[in-house]
Amino acid sequence: MRLPNKLFSYEESTLANLPVVLAELEEGPLPVLELLERVRPTIGDADEFLDTMVCLYALGAVELTDERQVISHAGTAMV
């Protein structure tokens, strides 16, 4: 995970990706691969997407369900 520091600006950090993913999830749950395809132009590769998802999960902002493998917004007060 990239955090803002002397080497990486906020825009280059993982933190800048959090609102991008949460904005896609405002419409409702999405399959993981569909979400990846929607945010790929902004976020970039799958590694950066995974770092973003781990961060959001740790913050309790997203929930992963095993049944449909869908990501849903957990209703936190982020963004």
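This text follows the structure it describes.
Structural notes, computed from the coordinates. Since this is a predicted model, take the numbers as computed values, not measurements. (Residues numbered from 1 in each chain as written. Predicted model: local features only at pLDDT ≥ 70, side-chain atom pairs only at ≥ 80, totals over all residues. Heavy atoms only, no water.)

Section: the pattern of salt bridges
Side-chain pairs of opposite charge can arise where the charged atoms are in close proximity. Condition: By definition, a salt bridge exists where a carboxyl oxygen of Asp or Glu is found within 4 Å of a side-chain nitrogen of Lys or Arg. A helix here means a DSSP run of H or I that spans at least four residues, while a strand means a run of E at least two residues long, and both kinds are numbered starting from the N terminus. Accessibility here uses a 1.4 Å probe with only protein chains present; expressed as a share of the type maximum, an area under 20% marks a residue as buried, one over 50% as exposed, and anything in between as partly exposed.
This model, assessed by the stated rule, comprises four salt bridges. The shortest N-O distance in the salt bridge between Arg-38 and Glu-24 comes to 3.2 Å. Here Arg-38, found in helix H2 (residues 32–43), pairs with Glu-24, found in helix H1 (residues 18–25); they are 14 residues apart in sequence, far enough to count as distant. Exposure remark for Glu-24: the relative accessible area of 23% places this residue in the partly exposed category. Here Glu-34 ties to Arg-38 by a salt bridge, and the two come within 3.0 Å at their closest N and O atoms. Taken together, the residues Glu-34 and Arg-38, both in helix H2 and four residues apart, mark about one turn of the helix.

A look at the nonpolar core
To be explicit about the condition: Note on terminology: a nonpolar core comprises buried Ala, Val, Leu, Ile, Met, Phe, Trp, Tyr and Cys residues joined through side-chain atoms within 4.5 Å. Only heavy atoms enter the contact rule, under which two residues are in contact if any of them lie within 4.5 Å.
Grouped together as the largest cluster of nonpolar side chains are 16 residues, with contacts concentrated most on Val-21, Leu-25, Leu-35, Phe-49, Met-53, Leu-56 and Val-62. Sorting the residues of this core by element identifies H1, H2 and helix H3 (46–58) as the ones contributing at least two each. Setting aside its immediate chain neighbours within four residues, Leu-35 contacts Val-21, Glu-24, Leu-25, Leu-30, Phe-49, Met-53 and Ile-71.

Digging into the packing of H1 against H2
Where we set the bar: What counts as an axis is a line fitted to C-alpha atoms, over the stretch in contact for a helix, and the angles between N-to-C directions run from 0 to 180 degrees. Left-handed describes a crossing whose near helix is turned anticlockwise from the far helix through less than a right angle; right-handed describes the clockwise counterpart. Three classes are used, and their members are as follows: Ala, Val, Leu, Ile, Met, Phe, Trp, Tyr, Cys and Pro are nonpolar, Asp, Glu, Lys and Arg are charged, and the others, Gly among them, are polar.
Taken N-terminus to C-terminus, the directions of H1 and H2 make an angle of 145°; their axes are 10 Å apart at the nearest point. The way H1 lies across H2 gives a crossing that is right-handed. Across the interface between the two elements, Val-20, Val-21, Glu-24 and Leu-25 from H1 touch Leu-35, Arg-38, Val-39, Thr-42 and Ile-43 from H2. Taken together, the residues of the contact of H1 with H2 sort by class into six nonpolar, one polar and two charged.

Brief notes about the side chain of Thr-14
This is how it is decided: Think of a polar contact as two N or O atoms within 3.5 Å of one another; within protein, one of them needs to be a possible hydrogen donor and the other a possible acceptor, and neighboring residues in sequence only count if both atoms come from side chains.
With respect to the helices and strands, Thr-14 occurs in the segment before H1. Here Thr-14 falls in the buried class, since its relative accessible area comes to 0%. A distance of 3.0 Å separates a polar atom in the side chain of Thr-14 from a polar atom in the side chain of Glu-48.

Looking at the side chain of Glu-48
Let me state the cut-off plainly: The positive count covers Lys and Arg only, the negative count covers Asp and Glu only, and His and the chain ends enter neither.
As for its position among the elements, Glu-48 is in helix H3. Here Glu-48 occupies a buried position and makes no salt bridge, while the nearest side chain of opposite charge, Arg-2, is found at 4.3 Å. Ignoring anything within four residues of it in the chain, the contact list for Glu-48 reads Arg-2, Ser-13, Thr-14, Asn-17 and Ile-43.

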